[in-house]
Amino acid sequence: EYELSLGKIEKASWFGDRRLGVDIARGGGNANVWVLRTENYATVIAKNHDADLMSVVGTTIRLAEEYKIQSYAIYLDDTGVGAGVTDRMREQGLRVNAVKLGETASNDSKFFNKRAENYWRMKEWLVSGGKLDPQGDWMEITDVKYKADGSSGRLKMMSKDEMRKIGVESPDT
């Protein structure tokens, strides 16, 4: 276990490459969320319940321009409805990254899938000094647990179905 490292860091003190992560929800009870992350800080820069995927495309492009984020540093939730956002942005000539959390992890001997690997990388970033803006809904991620996957011992995250069974919603942020 570890505690989330919350604390405001002024924009002038952000350092390293800027990346934009986008969780795409398309309505329902979940939200579209845009998170900007640098080497030392992560902050939610936008959140809405807009079900219009083309509006999500427009918001993503506007935020990338506003925060000076190159298209190759945009990471889109490409699972389900998010694929439409990825397709449209690529159609516009933007080199965005499609993130499919169910795909094989880069280190597939240690992680069950990309979702487990990404959560673990986030944990490592926090442990190494990364700070989260206290205004973001970060506490959602503390409900997501991991475990060893059977005899392989690879790390696996609790599935969305398992989360729902215990009354936990899938985190947006």
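A brief look at the structure comes next.

How each quantity is defined
Residues numbered from 1 in each chain as written. Predicted model: local features only at pLDDT ≥ 70, side-chain atom pairs only at ≥ 80, totals over all residues. Heavy atoms only, no water. Phe/Tyr/Trp six-rings, centres within 6.5 Å; stacked < 30°, edge-to-face > 60°. Buried < 20%, exposed > 50% of the residue type's maximum accessible area, 1.4 Å probe, protein only. Helix = DSSP H or I, 4+ residues; strand = E, 2+ residues; numbered from the N terminus. Arc of directions from axis to C-beta. Contact = heavy atoms within 4.5 Å. Salt bridge = Lys/Arg side-chain N within 4 Å of Asp/Glu carboxyl O. Pairing = 2+ DSSP bridges. Core = buried A, V, L, I, M, F, W, Y, C linked by side-chain atoms within 4.5 Å. Expected span 1.5 Å × (residues − 1). Polar contact = N/O pair within 3.5 Å; in protein donor to acceptor, adjacent residues only side chain to side chain. Right-handed = clockwise from strand over helix to strand, strands pointing away. Axes fitted to C-alpha atoms, helices over the stretch in contact; angles between N-to-C directions.

1. Let's talk about the packing of aromatic side chains
Move 1: Within the structure shown, the criterion is met by 3 aromatic pairs.
Move 2: A centroid spacing of 6.5 Å and a plane angle of 50° characterise the contact between Phe-111 and Trp-120, whose relative ring orientation is tilted. Considered together, Phe-111 and Trp-120 belong to a single accessibility category, that of buried residues.
Move 3: Geometrically, the ring pair formed by Trp-120 and Tyr-146 is edge-to-face, given 5.5 Å between the ring centres and 85° between the ring planes.

2. Here's the deal with helix H2 (residues 82-91)
Quick reminder: α-helices carry 3.6 residues per turn. Residues three or four places apart thus point the same way.
Move 1: Burial in H2 covers these residues: Gly-82, Val-85, Thr-86 and Met-89. Viewed end-on, H2 has its buried residues packed into an arc of 100°, placing them on one side of the element. Opposite its buried face, H2 presents the exposed residues Asp-87 and Glu-91, each directed more than 90 degrees away.
Move 2: Buried residues along H2 sit in contact with helix H1 (53-66), strand S4 (74-77) and strand S5 (97-99).
Move 3: Backbone geometry just downstream of H2 places Gly-93 in the positive-phi region, at approximately 85°.

3. Here's the deal with the pattern of salt bridges
Move 1: The full count for this structure, using the stated rule, is 10 salt bridges.
Move 2: With a shortest N-O distance of 3.4 Å, Lys-8 and Asp-133 are connected by a salt bridge. Of this pair, Lys-8 sits in the segment before strand S1 (19-23) while Asp-133 is found in the loop between strand S6 (131-132) and strand S7 (146-149), placing the two residues 125 residues apart along the sequence.
Move 3: The exposure class assigned to Lys-8 is exposed, which follows from its relative accessible area of 53%.
Move 4: When the shortest N-O distance is used, the salt bridge between Asp-149 and Arg-154 registers 3.7 Å.
Move 5: For Asp-149, a relative accessible area of 19% corresponds to the buried category.

4. Focus: the pairing of strand S2 (residues 32-37)
Move 1: By the criterion of burial, S2 is predominantly enclosed, with 5 of the 6 residues buried.
Move 2: Counting the residues in the hairpin turn of S2 and strand S3 (residues 41-48) gives 3 residues.

5. Some words on the nonpolar core
Move 1: Judged by nonpolar contacts, the single largest core of 24 residues is most densely connected at Leu-20, Trp-34, Ile-69, Ile-74, Leu-76, Val-85 and Met-89.
Move 2: If you list the elements that add at least two residues to this core, you get S1, S2, S3, H1, S4 and H2.
Move 3: Leu-20 has contacts with Trp-34, Val-35, Leu-36, Ile-45, Thr-60, Ala-64, Ile-69, Ala-73, Ile-74 and Tyr-75, leaving out every residue within four places of it along the chain.
Move 4: Counting residues in each nonpolar core, the second largest holds 12 residues, with Ala-105, Tyr-119, Val-144 and Met-158 among its members.

6. A word on helix H3 (residues 114-127)
Move 1: Relative to the 20 Å expected for 14 residues at 1.5 Å per residue, H3 spans 20 Å between its end C-alpha atoms, a close match to the ideal helical length.
Move 2: Taken residue by residue, H3 has Lys-114, Arg-115, Ala-116, Glu-117, Tyr-119, Trp-120, Lys-123, Trp-125 and Leu-126 as its buried positions.
Move 3: Next to the buried residues of H3 lie S2, S3, S6, S7, strand S8 (154-157) and helix H4 (160-165).
Move 4: With a side-chain oxygen positioned 3.2 Å from the backbone nitrogen of Arg-115, the residue opening H3 is Asn-113.
Move 5: Within two residues after H3, Gly-129 carries a phi angle of roughly 115°, on the positive side.

7. So, the pairing of S4
Move 1: Of the strand pairs in this sheet, S1 and S4 are connected by 3 bridges, and their pairing is parallel. Its bridge partner being in S4, Gly-21 is matched across the sheet by Tyr-75.
Move 2: The handedness of the S4 to S5 crossover, carried by H2, is right-handed.

8. With respect to the environment of Gly-58
Move 1: The residue Gly-58 is located in helix H1 in this model.
Move 2: Separated by 33 residues in sequence, Gly-58 and Glu-91 have C-alpha atoms that sit 13 Å apart.

9. Structural notes on the sheet that holds S2
Move 1: Strand order in the open sheet made by the 6 strands is S5-S4-S1-S2-S3-S6, with mixed pairing throughout. The open sheet is flanked by S5 and S6, the only strands paired with a single partner.
Move 2: Alignment of S2 against S3, held across 6 bridges, turns out to be antiparallel. Each residue of the ladder has a partner; that of Leu-36, found in S3, is Thr-43.
Move 3: The strands that H2 touches are S4 and S5; relative to S4, the one it contacts most, it runs at about 145°.

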